[in-house]
Amino acid sequence: MAIFVMGGAQITGPLAFRRHFEPDGFLRSLRQAAGFAVMQLSCLSAWDRYLSEALYLSAFMDGAGLAGLPEAPEGFLNVRGALFNLSRDERAAVAARGAEPDAAATLEYVWDTAMPAQAVMGERGGREAKRLFIALSAGYLLARRTPAERPISPEAAAAAYLQRRTEAADGRWLELRPGAVELEPRREAYRVLMDARAAEGLAQGAALELCRVEAPRGAALELYPGRFDAAAVRVDIAPGDYRYFTLAGGRPAFMHPLVVKNGFCTMERRGAELYLRMFREEARRVASAEDVASFAPEAGGEGWVAVLGGGQVDMSRYTRSVLPVSRALSAGPAVQAAMSGRALLLLRPDGTVESNLADIYASGQAIIDVGKFDKLGGVR
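Along each chain, numbering runs from 1 in the same order as the chain's sequence is written. For this predicted model, a pLDDT threshold of at least 70 governs which residues receive local features, and a threshold of 80 or more governs which side-chain atom pairs are given and counted, while totals over whole chains, interfaces and linings are taken from all residues. To get the side-chain values, take all heavy atoms of the structure and skip hydrogens and water.

**Student:** For this particular structure, what's the right way to read the confidence of the model for the protein?
**Tutor:** How sure the predictor is of each residue is captured by pLDDT, a score from 0 to 100. The pLDDT averaged across the protein works out to 85; a share of 90% of its residues lies at or above 70. Contact between two residues is taken to exist if any of their heavy atoms lie within 4.5 Å; hydrogens are not considered. Ignoring residues within four places in sequence, the model shows residues 165-170, a span with pLDDT below 50, making 3 contacts including any to other chains. Low pLDDT (under 50) marks residues 375-380, which in the prediction has 13 contacts with non-local residues, meaning those over four places away or in another chain.

**Student:** How should unusual backbone geometry be read in this particular structure?
**Tutor:** Negative phi values dominate among residues other than glycine, just as trans dominates among peptide bonds. In the Ramachandran plot, Arg144 falls in the positive-phi region, its phi being about 60 degrees despite a non-glycine side chain. Judged by its relative accessible area of 36%, Arg144 falls in the partly exposed class. Here's how the labels work: a residue is buried when its accessible area is under 20% of the maximum for its type, exposed when over 50%, partly exposed in between, all with a 1.4 Å probe on protein chains only.

**Student:** Would you mind showing me how to read the packing of helix 3 (residues 30-41) against helix 4 (residues 46-60) here?
**Tutor:** Two packed helices can be described by the angle between their axes and the distance between those axes. Running from N to C, helix 3 and helix 4 point in directions that differ by 150 degrees, and their axes come no closer than 9 Å. Judged on the interaxial angle alone, helix 4 and helix 3 are roughly antiparallel. Along this stretch, helix 3 crosses helix 4, giving a crossing that reads as left-handed. In contact with Leu30, Arg31, Ala33, Ala34, Ala37, Val38 and Leu41 of helix 3, helix 4 contributes Asp48, Ser52, Leu55, Tyr56, Ala59 and Phe60. Its residues assigned to classes, the contact of helix 3 with helix 4 shows 10 nonpolar, 1 polar and 2 charged. Axis geometry follows a simple rule: fit a line to the C-alpha atoms, using only the stretch in contact for helices, then measure angles between N-to-C directions, giving values from 0 to 180 degrees. Secondary structure counts use DSSP, requiring at least four H or I residues in a row for a helix and at least two E residues in a row for a strand, with both numbered from the N terminus. Geometric relationships in this document are graded by angle, where less than 35 degrees denotes roughly parallel, more than 145 denotes roughly antiparallel, 65 to 115 denotes roughly perpendicular, and other angles denote oblique. In this scheme the handedness of a crossing depends on how the near helix is turned from the far one: anticlockwise by less than a right angle means left-handed, clockwise means right-handed. Any residue that is not Ala, Val, Leu, Ile, Met, Phe, Trp, Tyr, Cys, Pro, Asp, Glu, Lys or Arg is counted as polar, Gly included; the first ten are nonpolar and the last four charged.

**Student:** What should I look at first to understand a nonpolar patch on the surface in this one?
**Tutor:** Like charges are joined within 9 Å and nonpolar side chains (Val, Leu, Ile, Met, Phe, Trp, Tyr) within 5 Å, but only among residues with over 30% relative accessible area and no salt bridge; these make up the patches. What sets the accessible areas is the Shrake-Rupley method with a 1.4 Å probe; for residues, cover comes only from the shown protein chains. The salt bridge criterion pairs a side-chain nitrogen of Lys or Arg with a carboxyl oxygen of Asp or Glu, the two atoms within 4 Å. On the surface, Val322, Leu323 and Val325 cluster together into a nonpolar patch covering about 240 Å² of accessible area. Looking at where Leu323 falls in the secondary structure, it is placed in the loop between strand 16 (313-314) and helix 10 (324-330). Taking the relative accessible area as the measure of exposure, Leu323 reaches 38% and is therefore partly exposed.

**Student:** I keep staring at the packing of helix 4 against helix 6 (residues 88-98) and nothing clicks. Help me out?
**Tutor:** Two elements in contact, helix 4 and helix 6, have axes whose closest approach is 8 Å; the angle formed by their N-to-C orientations is 85 degrees. Considered as vectors, helix 4 and helix 6 are oriented roughly perpendicular to each other. In this structure, helix 4 contributes Ala46, Trp47, Arg49 and Tyr50 to the contact, and helix 6 contributes Glu90, Val94, Arg97 and Gly98. Across the contact of helix 4 with helix 6, the residue classes break down as 4 nonpolar, 1 polar and 3 charged.

**Student:** Is there a simple way to explain the sheet that holds strand 14 (residues 292-297) in this structure?
**Tutor:** Paired through backbone hydrogen bonds, the strands of a sheet run either parallel or antiparallel to each other. Two strands qualify as a pair provided DSSP detects at least 2 bridges between them. In space, the 3 strands of this open sheet follow the order 14-15-16, with antiparallel pairing throughout. Where the open sheet ends on each side, the last strands, each with one partner, are strand 14 and strand 16. Direction of pairing for strand 15 (residues 304-308) relative to strand 16: antiparallel, over a ladder of 2 bridges. Counted as the bridge partner of Val307 is Val313 from strand 16.

**Student:** What is the right way to read the sheet that holds strand 5 (residues 208-215) from this model?
**Tutor:** In spatial order, the strands read 3-5-8-9; together these 4 strands make up an open sheet with mixed pairing. Lying at the two open borders of the sheet, with one neighbouring strand each, are strand 3 (179-182) and strand 9 (251-255). Within the sheet, the average angular offset between the axes of one strand and its neighbour, ignoring direction, is 35 degrees. With 4 bridges connecting them, strand 3 and strand 5 associate as parallel partners. The residue of strand 5 that forms the bridge with Ala180 is Arg212.

**Student:** How should I be thinking about the packing of aromatic side chains in this particular structure?
**Tutor:** How two aromatic rings sit relative to each other is given by the distance of their centres and the angle of their planes. Centre distance within 6.5 Å is the pairing criterion for rings of Phe, Tyr and Trp, where only the six-membered ring of Trp is used; planes under 30 degrees apart are then read as stacked, over 60 as edge-to-face, and the remainder as tilted. Going through the model one piece at a time under the given rule, you end up with 12 aromatic pairs. Note on Phe17 and Phe26: the rings are 6.4 Å apart at their centroids and 80 degrees apart in plane angle, and the pair reads as edge-to-face. No difference in accessibility class separates Phe17 from Phe26, as the two residues are buried. For the pair Tyr56 and Phe60, a centre-to-centre distance of 4.6 Å together with 35 degrees between the ring planes defines the contact as tilted. Pair noted here: Tyr56 and Phe60 are both in helix 4, with a separation of 4 residues, about one helical turn. With a relative accessible area of 31%, Phe60 lands in the partly exposed category. An aromatic cluster of three or more residues is present, and its members are Phe17, Phe21, Phe26, Phe36 and Tyr140. By definition, being over a ring means that NZ of Lys or CZ of Arg is both within 6 Å of the ring centre and within 35 degrees of the ring normal. The ring of Tyr190 is capped by Arg186, whose NZ or CZ atom sits 3.8 Å from the centre of that ring. In this structure, Arg269 is placed above the aromatic ring of Tyr242, and the distance from its NZ or CZ to the ring centre is 3.9 Å.

**Student:** Can you walk me through the pairing of strand 15 in this structure?
**Tutor:** In summary, the side chains of a regular strand alternate between the two faces of the sheet. Buried residues dominate strand 15, accounting for 4 of its 5 residues. In the sheet, strand 14 pairs with strand 15 via 5 bridges, with the strands oriented antiparallel. Looking at the pairing, Ala296 lines up with Val305 of strand 15. The turn linking strand 14 back onto strand 15 is made up of 6 residues, and Gly301 within it adopts a positive phi angle of 80 degrees.

**Student:** Just to check I follow, could you spell out helix 3 for this structure?
**Tutor:** Spacing of three or four residues puts side chains on the same side of an α-helix, whose turn is 3.6 residues. For helix 3, every residue scored as buried is listed here: Leu30, Ala33, Ala34, Phe36, Ala37 and Leu41. Each buried residue of helix 3 sits inside an arc of 165 degrees when the element is viewed along its axis, so together they form one side. Set apart from the buried face of helix 3 by more than 90 degrees, the exposed residues are Arg31 and Met39. Starting at the helix axis, one direction is taken to each C-beta atom, and the arc is that of these directions.

Below is the structure:
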């Protein structure tokens, strides 16, 4: 079963639906949204039940199952199939809620958005435009969002409903791809939409890849957890420096840090140099780092493991590199390395995490959460 995603986040409950609702992503995942609404939103109130049923009918039903399509915005409140399972009191509650100014304004806006779609929907354009109206109205009202907060144009709504891809020509989000992306200097920061699902796991069938973001003359990034989140993490890239991202299914899921700790040891990349520092000691330069995506120091500062930009695992400075298990780990590609105590963890492109300790293994991961492995494997 495909994962329901909007606004760069996996939708797992009512709060996530309301926070990350976006009309484009909603319409592109209409059947998933309809199933989600019936399962998780319809129980909240009579209003939510009606909206969920109307959405489900518009997504899955045609013919008799969706008879009596609306002829005006207020007709949304009389979708026959959605009323069948409501009591008289529940129908009255739906009518009262739908007559409130905010709901009425939303219905009028969506009607004006959906009706122009008839021109691109072929012979059954009028019917399909009304189904689009029902679906999009239900989405806004279930999310407790207004079109002013989450706008969509008639052209974009029709394209999303028909599953047509529109060009992302506005330049709002930096497009990352496997390999290298070079940034031109500009006054404003580049905005990066992070995949908020990453901490929950890798979507089925997706793969992990590395992207090197280069800034020959310097640049700034703003990392956003969702399309409509106001808070962002700002990252400045010095002239000539670079940062690495892990892409999960083509979306940026994780930005690799410049400072990593293991026990009392801290490892840091400063431009093209790697430094090690033990507790209360001065940092010492230990190697160059012209193309290092990820690195992890041993707890005592004796050595480290690195993942290079091409995915190769470099164990040349690892004190346990001669062990058979270490040689086996270095044989395949990786996107991230981490250490916790004596445990070495490597994240593979297929989402599996392998370790030099037999009791630590995981699959379906997009990033290495060292704390989680500490709890599961007791590696400290």
